[in-house]
Amino acid sequence: MKGVFKLKEHKTNLKKEVMAGFTSFFSIVYIIAVNGHILHDSGMPLEAGIIATIFASLAGCLLAAFVPNAPLMIVPGMGINALFTYTFVGSLGLSYQEALGAVVVSGVLFAIIAFSKLAAIISRSIPSSLKEAITVGIGLFIAFIGLQKSGLIVENPNNFVALGDLSSPIVLASIINLVITLFLFLKKVPGNFLISIILGTLTSYFLGVIDFSHMDKGFISLNDYRNVFLSFDFGKIATIPFWTATFSLTLVLVFENIGILHSQVDGMLKAPEKNGKALRAVSISAILCGLLGTSPPVSTVESAAGITAGGRTGLTSVITGILILMSLFFLPLIKLVPNAAIAPILIILGGLMLTNIVNIDFTDFTEAFPAFLIILMIPLTFSIVDGIAFGFIAYPLVKLFTNKHKQLSIPIFIISFLFLTNFLLHSVG
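Everything numeric here is computed off the predicted structure, so don't read it as measured data.

Right, let's talk about the overall build of the chain for a bit. Assigned secondary structure in the chain consists of 20 helices and four strands. Its C-alpha atoms give the chain a radius of gyration of 21 Å, within 12% of the compact-globule value 22 Å for 429 residues. Its C-alpha atoms give the chain principal-axis dimensions of roughly 65 × 60 × 45 Å. At a minimum sequence separation of 6, the contacts of the chain that also span at least 24 residues come to 79%. Here the chain displays about 18,300 Å² of accessible surface, and carbon together with sulfur accounts for 70% of that area. Of the side-chain charges in the chain, 24 are positive and 20 negative, and the distance between the mean point of each set is 14 Å.

Okay, here's the thing in structure tokens:
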């Protein structure tokens, strides 16, 4: 291990890497239950979604270990899973199998970008205000989903949404769990989200939201997962919804991962030479996610926990991946985790993503207004793609109206035109 991961060159040792691996695992293990539940909303069997998340996370961690040799966790990403379920399946009308087909194609496109100079060109061409706005908008969207799952926000025929019944057991459980999760998070308790899921499940049990007597007593069953593994479907590859999903997903994957890797690899690890390899590892993982049956990955921000704990090489990622695989033995318990335990995590994650708003220059209205449209329209249209489209279409317009056309790049015109064409074709259809 010392030879493969070059521990001495990275000024680390086996003990530090193992401890960092455990730290990373406890910071990210919540994603198994959360991602499984969001995939379940797309029509995928819950158990299959959880198993797909575990296998994809293991593959991503191993890629991070052996391609860039970095202590990163490449797992199905929050926000991107919402894009998969609530936009591709919910809004665009794809089945989850067809959405997985879009994941595979976007993964291939992402790999082409990651293995060429296109990644740097696209990153330079897209205004930072729009990139930050996408993160903020997705954050609000995730928080909104969390509020819905908690029962705090419900449908209303007059106002679209309204406050839910605060006396409802699921709402009471969600509020109590939100307080617990917030306390653990603010106190920076190691494994805070994992602990909150456990305590939230127990709270839900005592309030009668779940019944442990329904827990499966048997061993791991792969029956449902057999129907999800390699179930990607290209049946709608010649349709506009399929390519709308593919194009928007590729866009989000490129922006989000370039941003995260810059802060982690260049910033925290101070190893910019590993950045390109890390991006390639994520792109390969994106293809594998489509094959394994889950939404695409990111180099998750929780990787910072392992880096802070002393992780410097891919050995940290190997330890994390092995621990994630062992989660399979707790599958019967993971399946019982209720929405009341998941919702608080979604709400807090949404709040964390909102902090990116400080990076948007609101003193320049030509930057602020398109960003504002993205932030506003993603949750209000309940579609990440449509929200992004409004901002990208508005951006060249406000720049042209104020004679700031020199600030526009060819890629931004192309992307804006594609989004506008998509709207026009939908309106004609």
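After that view, the rundown keeps rolling.
Chain-level pLDDT for the chain is 88 on average; 96% of the residues reach the 70-or-more range. Here helix α1 (residues 2–5) stands out as the least confident element of the chain, with mean pLDDT 78; helix α6 (residues 96–114) is the most confident, with 96.

Secondary-structure assignment places Thr87 in helix α5 (residues 80–89). Those residues in contact with Thr87 that sit more than four places away from it in its chain are Ala82, Leu92, Phe382, Ser383, Ile384 and Val385.

Turning to a nonpolar patch on the surface, a few remarks are in order. Together, Val108, Leu109, Ile112, Leu118, Ile121, Phe234, Ile237 and Trp243 make up a nonpolar patch on the protein surface, roughly 640 Å² of accessible area in all. Per-element accounting of the nonpolar patch gives the leading share, three residues, to α6. Of note, Ile237 is situated in the loop between α11 (223–226) and α12 (240–268).

With that settled, the discussion passes to the pairing of strand β2 (residues 153–156). Pairing geometry for β2 and strand β3 (residues 160–163), over four bridges, is antiparallel. Pairing of Asn156 across the sheet is with Phe160, part of β3. Here β2 folds back onto β3, and the loop between the two strands holds three residues.

Per the counting criterion, the structure on display carries six salt bridges. The salt bridge involving Asp41 is made with Lys149; its shortest N-O contact spans 2.7 Å. With Asp41 in the loop between α3 (30–40) and α4 (46–66) and Lys149 in helix α8 (residues 128–150), this residue pair connects regions lying 108 residues apart in the sequence. By relative accessible area, which is 39% here, Asp41 ends up partly exposed. The partner of Glu367 in a salt bridge is Lys399, and the shortest N-O contact between them spans 2.9 Å. Pair noted here: Glu367 is in helix α18 (residues 365–381) and Lys399 is in helix α19 (residues 384–401), with a separation of 32 residues, a long-range link. Lys399 matches Glu367 in its accessibility class, with the two residues each being buried. Several salt bridges converge on common partners, so that one network encompasses Asp364, Glu367, Lys399 and Lys404.

This structure, assessed with the given rule, holds 17 aromatic pairs. Of the aromatic side chains, those joined through ring pairs into one cluster are Tyr86, Phe141, Phe144 and Phe382. The side chain of Arg280 reaches across the aromatic face of Phe115, ending 5.7 Å from its centre.

What follows covers the state of the cysteines. A full pass over the atoms with the stated rule returns zero disulfides. Free cysteine: Cys61, not disulfide-bonded; nearest cysteine sulfur from Cys289 at 11 Å.

Taking 1.5 Å of rise per residue, 15 residues should cover 21 Å, and helix α2 (residues 14–28) covers 21 Å from first to last C-alpha, within 8% of that figure. Residues of α2 that are buried include every one of Glu17, Ala20, Gly21, Ser24, Phe25, Ser27 and Ile28, and no others. Considered in projection along α2, the buried side chains sweep an arc of 165° and stay on one side of the axis. Capping of α2 at its N-terminal end is provided by Asn13; its side-chain oxygen lies 3.2 Å from the backbone amide nitrogen of Lys15.

Calculation criteria
- Residues numbered from 1 in each chain as written.
- Predicted model: local features only at pLDDT ≥ 70, side-chain atom pairs only at ≥ 80, totals over all residues.
- Heavy atoms only, no water.
- Helix = DSSP H or I, 4+ residues; strand = E, 2+ residues; numbered from the N terminus.
- Rg over C-alpha atoms; globule rule 2.2 N^0.38 Å.
- Contact = heavy atoms within 4.5 Å.
- Areas by Shrake-Rupley, 256 points an atom, 1.4 Å probe, with all protein chains shown as cover.
- Lys, Arg positive; Asp, Glu negative; His and termini not counted.
- Charge placed at Lys NZ, Arg CZ, Asp CG, Glu CD.
- pLDDT = per-residue confidence, 0-100.
- Patch = residues over 30% accessible without salt bridge, like charges linked within 9 Å, V, L, I, M, F, W, Y side chains within 5 Å.
- Salt bridge = Lys/Arg side-chain N within 4 Å of Asp/Glu carboxyl O.
- Pairing = 2+ DSSP bridges.
- Buried < 20%, exposed > 50% of the residue type's maximum accessible area, 1.4 Å probe, protein only.
- Phe/Tyr/Trp six-rings, centres within 6.5 Å; stacked < 30°, edge-to-face > 60°.
- Lys NZ or Arg CZ within 6 Å of the ring centre and 35° of its normal.
- Disulfide = S-S within 2.5 Å.
- Expected span 1.5 Å × (residues − 1).
- Arc of directions from axis to C-beta.
- Polar contact = N/O pair within 3.5 Å; in protein donor to acceptor, adjacent residues only side chain to side chain.

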